Amino acid sequence: MFQGYTDETFEFFMAIRFNNNADFFHSNHDWYLRAVREPSLALAEALAPTVEWLDDSLERRPNRVLARINRDIRFSHDKSPYRDYIWLAFRRPGEEKSVTLGVYFDLSDSGASYGMGVYRENRPLMNGMRRKICADPDGLASLLGGLGGEFQLYADVRRRLAVPEGLPEQVAALYPAKSFYVEKDLTDFDLLRSPALAGEVAAGYRRLAPLYRWFQQIEPVEE
């Protein structure tokens, strides 16, 4: 059962940032398990029923949802072997995780955030989104507006893609997206250290459900 994170969790993130090497990590592996991995697995398990309600095709097994703390440094300029943060990613198994629609939660020593989106470019999905926007721009505007400013929209956009005139502001911002996410930040550390965190994130996923399902129903369009 999820009981919240602890001061040890955030202290571990700070420690691994300044001691990012195998000797430190292996010497403090029990700290990592106790303060980071085990509560994160418990949070994933607590969120699984809501994720199943949202989309039963999403991966919900905690050990598959929790990201590894080890970094893949083969193609990275940063050769630090460990992350100083973690995340949960509920995405469809068997598909490339970075380009499939899903919901997530991430945590670092500066706080947490959660939301939904597509991490890297998914051109067929975004082409389908643009077609759906042109057919009913007000429908998407209503869904985005229904979030009441609680979630922030972030989009990686195609700069040279023309945006049709007259689209509502948030819809116009999303129209040229290559990828996007809609996210809420959590900086209340009392909440992060509380079992109530699971309820906050689960309720947020429910608030995102109409928008998630709008995207889920998109017919991808190949160029």
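A.B. asks: How would you sum up the pairing of strand 2 (residues 102-108)? Please name residues and give values.
C.D. replies: Among the seven residues that make up strand 2, six are buried, leaving the element largely enclosed by the rest of the structure. When strand 2 meets strand 3 (residues 111-118), the two strands line up antiparallel, connected through seven bridges. Bridge pairing in strand 3 places Asp-106 opposite Ser-113.

A.B. asks: I'd love a proper account of the pattern of salt bridges, names of residues and values included.
C.D. replies: Counted under the stated rule, the structure contains 14 salt bridges. Among the salt bridges present, the one from Glu-59 reaches Arg-61, with a minimum N-O distance of 2.8 Å. We classify Glu-59 as buried; its relative accessible area is 10%. Across the salt bridge formed by Arg-123 and Glu-121, the nearest N and O atoms sit 3.0 Å from each other. Given the relative accessible area of 34%, Glu-121 is considered partly exposed.

A.B. asks: Could you give an account of the side chain of Asp-55, naming the residues involved and the relevant values?
C.D. replies: In this structure, Asp-55 sits in the loop between helix 3 (29-54) and helix 4 (62-65). Taking the relative accessible area as the measure of exposure, Asp-55 reaches 5% and is therefore buried. Each residue touching Asp-55, except ones within four places of it in the same chain, is listed here: Arg-60, Arg-92, Tyr-212 and Gln-216.

A.B. asks: Quick one: what's the story with helix 1 (residues 7-18), residue by residue and with numbers?
C.D. replies: Taking 1.5 Å of rise per residue, 12 residues should cover 16 Å, and helix 1 covers 17 Å from first to last C-alpha, within 8% of that figure. Listing the buried residues of helix 1 in full gives Thr-9, Phe-10, Phe-12, Phe-13, Ala-15 and Ile-16. Tucked into the core, helix 1 has its buried residues touching helix 2 (22-27), helix 3, strand 1 (85-90), strand 2 and helix 8 (189-192).

The rules we used
Every chain is numbered independently, its residues counted from 1 as its sequence is written. Totals for whole chains, interfaces and linings use every residue, but because this is a predicted model, local features are given only for residues with pLDDT of at least 70 and side-chain atom pairs only at 80 or more, for both listing and counting. Each side-chain value is worked out from all heavy atoms of the structure, with water and hydrogens disregarded. Accessible area is worked out with a 1.4 Å probe on protein chains only. A residue is then buried under 20% of its type maximum, exposed over 50%, and partly exposed in between. Each helix corresponds to a stretch of at least 4 residues labelled H or I by DSSP, and each strand to a stretch of at least 2 residues labelled E; elements are numbered beginning at the N terminus. One requirement defines pairing of two strands: DSSP has to find at least two bridges between them. Within this document, salt bridges are pairs made up of a side-chain nitrogen of Lys or Arg and a carboxyl oxygen of Asp or Glu, the two lying within 4 Å of each other. Here, residues are in contact when the closest pair of their heavy atoms is within 4.5 Å. For a helix, the expected span equals 1.5 Å multiplied by the number of residues minus one.

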